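Listed below are the residues making up each chain.
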Amino acid sequence: MAYQIKKAAVLGSGVMGSGIAAHLANIGIPVLLLDIVPKELTDGEKAKGLTLEDGQVRNKIATSALQNLVKQKPAPLTSKSNLSLIEAGNFDDDLEKLAEVDWIIEVIVENLEVKKGLYEKVDAVRKPGTIITSNTSGISIEAMKEGRSEDFQKHFLGTHFFNPPRYLKLLEVIPASTTAPEVVDFMVGFGEDILGKGVVIAKDTPNFIANRIGTYGLLVTLREMEKRGYSIGEVDSVTGTLIGRPKSATFRTLDVVGLDTFMHVAKNVYDKTEGEEQQVFELPEFMKKMIDNGWLGAKSKQGFYLKKDREIQELNTETFEYSKAKKLKTPSIEMAKQQKGLANRVKSLVYAKDRTGEILWNVFAPTLLYSAELHGEIADDIVAIDNAMKWGFAWQQGPFEMWDAIGVNKSVERMKEEGEVIPAFVQSLLDKGYESFYKEVEDELYFFDGEDYKPVPVNEKEIDLRRYKKKHGVIKKNSGASLIDLGDGVALLEFHSQSNAIGLDIMQMINFAVDEVEKNFKGLVIGNQGRNFCVGANLGLILMEAQDDNIFELDFVIKTFQNAMMKIKYSSKPVVAAPFAMTLGGGAEVCLPAAHIQATTETYMGLVEAGVGLIPGGAGNVGLYAKHLKGMPNGVVVDYQNVANKVFETIAMAKVSTSAEEARDNNFLNFADGISVNADHQIYDAKQVAISLHDNGYQAPKRQKIPVTGSSGYATLLLGAEGMFLSGFISEYDLKIAKKLAYVLAGGKVPYGTFVEEQYMLDLEREAFLSLVAEPKSQQRMQHMLVKGKPLRN
């Protein structure tokens, strides 16, 4: 049977259920969101004369969840318009509508009998072949399917999303013994390709993979803190980004999750294990007392941390008093910061002969041993375990990658000296004379499966540029960028300067890349796999030249930047930009002239130059204005003033989209541009677009004049800016920047509706940029951004 999911239903509209519904709506799947019927009326409903039979009352719980989706931070929806794809209902009146859907996801209370009662009703109305899954975080999948029809059991499995579903990558797929293999295969493919998730297949064991190991690691950390006399702040200062873990480290993570939620997750394993393992999952007494006190973390504004008079204070778990949070300061921390790469940093810290080394070794060692003991029990291989921890808990290294980093032989030797029992899986690796769980063979990654090494399975749509370059080399590179042959007639220009900031080196490579592609390739992709696509032009270089009054040099740089953007725009071969994460200033300017943009869902795009006292200087003003005009329907009389107003507001207010969908709303993307839900597939998707554009007879755009609003439009834009200044919304210097921007977008002092040359507008842009960059207040803003990382309002 060929499965397709065109419509879904989510049963349960709590934070997790509504979040999953939002994620489905974000990718264009209509969703039916159902919940229980309220048992009593509120005073407000009684005052309105409503009864329990009224539809708005009966659907109230699901409807209220939809209203909350719009208010939540971080936003579950990539665009508020996606809310229209979610229909609210209730279990009593709307269960029969489940016959219309292809996938039913249950996200109700974690109670086995309540779930089974709902499944009995669902089984009676669902059509054969409908996939049904539970988002349980730990209840047995086998137990839940008992008593259901054969077709239900064949199509039933666990799909455990992590909260918030839009942002966290992990999806654990947990088959039951009766789940048809083709259903499992379909859900894995659907999870990766459509939902954009990193999918691991987990076994039906308590808390599955990530929560089992993650909870264990957190509780071991709590135990070691108490045992060895560390403070909460001290532990967090060495269990976060220093070792490749999230900034929230240990105790901030618990505060964010909520101590009550963590208690339930830990209890789930505690109730289903025994002996030493069970003891680890027993919450420490101080944590039980915190829960009794209602000190649950962020949700109660007090937990392991408390913000008091702008000071972050930590809890003393013995006295239950708060004091200023401390950090651990040891020689090994300073030495580790000098190490190149995470693996070397972690290795130097774990074996350090000081308090940092002491806490880290005593947290790492039991967590690594526990992960190895669970190999084969919670998952079939180490790749699933490592990926689950990276994708669910945002660890940069999974347990077995971490073990390789600190040295398997060296660590096992120390573990044996300390009386630890080494799991058979680890001992078999060493007995065979192997030294690591992973190894590279001809630039392909292999993992140890208990017997020998096997290739790490990779989705064909995942292109790892680091490994690809090692295998295939590069066509040309300089300090800022590399040109790579991606195969199938497509080249890729990869930025790799610091923060991927654009300098002359990248501009030179853009020119070279377009020339090379026009001669020898079908198309060009501009993309990379850094932390952000590009945070803009090299601000430090611009400030240095400005402070030295090198205006001629800056004029050359800006002209070179503008020319490079025109090179992209008028290339005879299609150029596809592949932005992701922060795509700011010059990063957005690189995308605007491309033949196609293939963004990821989480693309935060904006022209933010006003924040550093400038306006865009790399054709961004005319680029965004022209993209707005291009998006207008044919045959419609265009109100140029309305277009200019929107572009002016977007640039002057330095608006940054919170998603690729919002970037489309702001006209950085048009409706022909694409969005890759799975960021790992973005380079592949962009490559396919480049091939398709070429094979379908791509023609470069013709140079055309641009209609502008002229003097009257300039006056209108100024009126809006002055109104904002008078109302105190912007500073006097903001107004000065706004006037420069208005003049550029209006096309100078020409009559409304005049068609001007593109180069004329680029010249206006460059003149405005150069006049602002020479201003002391703009230089102060640039300096402040470089030093503090925040905009200055002067």
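Heads up: the structure comes first, above all this text.
Okay, so let's go over this structure. (Residues numbered from 1 in each chain as written. Predicted model: local features only at pLDDT ≥ 70, side-chain atom pairs only at ≥ 80, totals over all residues. Heavy atoms only, no water.)

## Side note on the overall build of the chain
Right, on to step 1. Scanning the chain for helices and strands turns up 35 helices and 25 strands.
Right, on to step 2. Whereas a compact globule of 794 residues would reach a radius of gyration of roughly 28 Å, the chain reaches 29 Å, a difference of no more than 12%.
Right, on to step 3. Referenced to the eigenvectors of the C-alpha coordinate spread, the extents of the chain come out at roughly 80 × 70 × 60 Å.
Right, on to step 4. Looking at the chain as a whole, 56% of its 794 residues are labelled buried.
Right, on to step 5. Within the chain, contacts between residues separated by at least 24 positions form 69% of all contacts whose residues are at least 6 apart in sequence.
Right, on to step 6. Carbon and sulfur atoms make up 51% of the accessible area of the chain, which totals about 34,500 Å².
Right, on to step 7. Charge-centre separation for the chain: the mean point of 90 positive side chains lies 5 Å from the mean point of 105 negative side chains. (Helix = DSSP H or I, 4+ residues; strand = E, 2+ residues; numbered from the N terminus. Rg over C-alpha atoms; globule rule 2.2 N^0.38 Å. Buried < 20%, exposed > 50% of the residue type's maximum accessible area, 1.4 Å probe, protein only. Contact = heavy atoms within 4.5 Å. Areas by Shrake-Rupley, 256 points an atom, 1.4 Å probe, with all protein chains shown as cover. Lys, Arg positive; Asp, Glu negative; His and termini not counted. Charge placed at Lys NZ, Arg CZ, Asp CG, Glu CD.)

## Regarding the packing of aromatic side chains
Right, on to step 1. The full count for this structure, using the stated rule, is 27 aromatic pairs.
Right, on to step 2. Through a chain of ring-to-ring contacts, three or more aromatic side chains come together here, namely Phe400, Trp403, Phe425, Tyr434, Phe437, Phe448 and Tyr453.
Right, on to step 3. Sitting above the plane of the Tyr351 ring, Lys410 keeps its charged end 4.0 Å from the centroid.
Right, on to step 4. Lying across the ring of Phe512, Lys476 places its NZ or CZ 4.3 Å from the centre. (Phe/Tyr/Trp six-rings, centres within 6.5 Å; stacked < 30°, edge-to-face > 60°. Lys NZ or Arg CZ within 6 Å of the ring centre and 35° of its normal.)

## Digging into the environment of Tyr446
Right, on to step 1. In this fold, Tyr446 is placed in strand S13 (residues 444-448).
Right, on to step 2. Taking the C-alpha atoms as reference points, Tyr446 and Val383, separated by 63 residues in sequence, lie 9.7 Å from one another.
Right, on to step 3. Apart from the residues lying within four places of it in its own chain, the contact partners of Tyr446 are Phe437, Tyr438, Lys439, Val441, Tyr453, Lys454, Pro455 and Val456.

## A few points about the pattern of salt bridges
If the charged atoms of two oppositely charged side chains come close together, the side chains can form a pair.
Right, on to step 1. This model, assessed by the stated rule, comprises 51 salt bridges.
Right, on to step 2. We note a salt bridge from Glu494 to Lys469, for which the minimum N-O separation is 2.6 Å. With Glu494 in strand S17 (residues 490-495) and Lys469 in helix H23 (residues 465-472), the pair connects residues that are 25 residues apart, well separated along the chain.
Right, on to step 3. Among the residues examined, Lys469 registers a relative accessible area of 23% and is labelled partly exposed.
Right, on to step 4. Here Lys522 ties to Asp695 by a salt bridge, and the two come within 3.3 Å at their closest N and O atoms. Of this pair, Lys522 sits in the loop between helix H24 (504-520) and strand S18 (523-526) while Asp695 sits in helix H31 (residues 682-695), placing them 173 residues apart in sequence.
Right, on to step 5. Overall, the relative accessible area of 47% leaves Asp695 in the partly exposed class.
Right, on to step 6. Salt bridges sharing partners connect three or more residues here, namely Glu440, Asp464, Arg466, Arg467 and Lys470. (Salt bridge = Lys/Arg side-chain N within 4 Å of Asp/Glu carboxyl O.)

## What about the environment of Glu285?
Right, on to step 1. Looking at the secondary structure, you find Glu285 in helix H15 (residues 285-293).
Right, on to step 2. A relative accessible area of 57% means that Glu285 is categorised as exposed.
Right, on to step 3. Residues Glu285 and Thr317 lie 32 residues apart in sequence; the distance between their C-alpha atoms is 9.4 Å.

## A word on the side chain of Thr317
Right, on to step 1. In this fold, Thr317 is placed in the loop between strand S10 (311-315) and strand S11 (322-324).
Right, on to step 2. Once residues within four sequence positions are removed from consideration, Thr317 is found in contact with Met225, Ile232 and Phe286.

## Focus on empty space enclosed by the protein
Right, on to step 1. On inspection of all chains with the given rule, the structure shows 1 cavity of 30 Å³ or more.
Right, on to step 2. What lines the largest cavity is simply Ile502, Met507, Ala537, Asn538, Leu541, Ile542, Val557, Ile558 and Phe561.
Right, on to step 3. Counting residues per element, the ones that place at least two in the lining of the largest cavity are helix H25 (539-547) and helix H26 (551-569).
Right, on to step 4. At 3 residues, the largest contribution of residues to the lining of the largest cavity is made by H26.
Right, on to step 5. The class makeup of the residues in the lining of the largest cavity is 8 nonpolar, 1 polar and no charged. (1 Å grid on protein atoms, 1.4 Å probe; cavity = no way out; pocket = protein on both sides within 12 Å on 5 of 7 lines; lining within 4 Å. Points joined across faces, edges and corners; volume = space filled by probe spheres on them. Nonpolar A, V, L, I, M, F, W, Y, C, P; charged D, E, K, R; others polar.)

## Quick word on a positive patch on the surface
Right, on to step 1. A cluster of basic residues, Lys247, Arg252, Lys324, Lys327 and Lys329, forms a positive patch at the surface.
Right, on to step 2. Here Lys247 is to be found in the loop between helix H11 (232-238) and helix H12 (251-257).
Right, on to step 3. Of the residues examined, Lys247 reaches a relative accessible area of 75% and is grouped as exposed. (Patch = residues over 30% accessible without salt bridge, like charges linked within 9 Å, V, L, I, M, F, W, Y side chains within 5 Å.)

## Points about the packing of helix H17 (residues 342-350) against helix H18 (residues 355-373)
Right, on to step 1. Taken N-terminus to C-terminus, the directions of H17 and H18 make an angle of 105 degrees; their axes are 7 Å apart at the nearest point. Regarding the angle of H17 to H18, the classification is roughly perpendicular. On the side of H17, the interface is formed by Val346, Leu349 and Val350, while H18 contributes Thr356, Gly357, Leu360, Trp361 and Phe364.
Right, on to step 2. Grouping the amino acids of the contact of H17 with H18 by side-chain chemistry returns 6 nonpolar, 2 polar and no charged. (Axes fitted to C-alpha atoms, helices over the stretch in contact; angles between N-to-C directions. Parallel < 35°, antiparallel > 145°, perpendicular 65-115°, else oblique.)

## A word on the sheet that holds strand S1 (residues 8-11)
Right, on to step 1. The strand order S3-S2-S1-S4-S5-S6-S7-S8 describes an open sheet built from 8 strands, whose pairing is mixed. The sheet is open, and its two edges are formed by strand S3 (86-90) and strand S8 (198-201), each paired on a single side. Adjacent strand axes in the sheet meet at a mean angle of 25 degrees, parallel and antiparallel pairs treated alike.
Right, on to step 2. Two strands pair when backbone bridges link them, and strand S4 (residues 103-106) and strand S5 (residues 131-134) are joined in this way by 4 bridges, in the parallel orientation. If you follow Trp103 over to S5, its bridge partner there is Ile131. (Pairing = 2+ DSSP bridges.)

## Brief notes about the sheet that holds S17
Right, on to step 1. If you trace the 7 strands from one edge of the open sheet to the other, you get S15-S16-S17-S18-S19-S21-S23, paired in mixed fashion. Among the strands making up the open sheet, the edge pair consists of strand S15 (476-477) and strand S23 (674-676).
Right, on to step 2. By the bridge criterion, 3 bridges tie strand S21 (residues 596-600) to S23 in an arrangement that is parallel. Looking at S23, one finds that Thr600 is bridged to Ser676.
Right, on to step 3. Seen against the sheet, H31 touches strand S16 (481-487), S17, S18, strand S19 (575-577), S21 and S23 and runs at an angle of roughly 165 degrees to S21.

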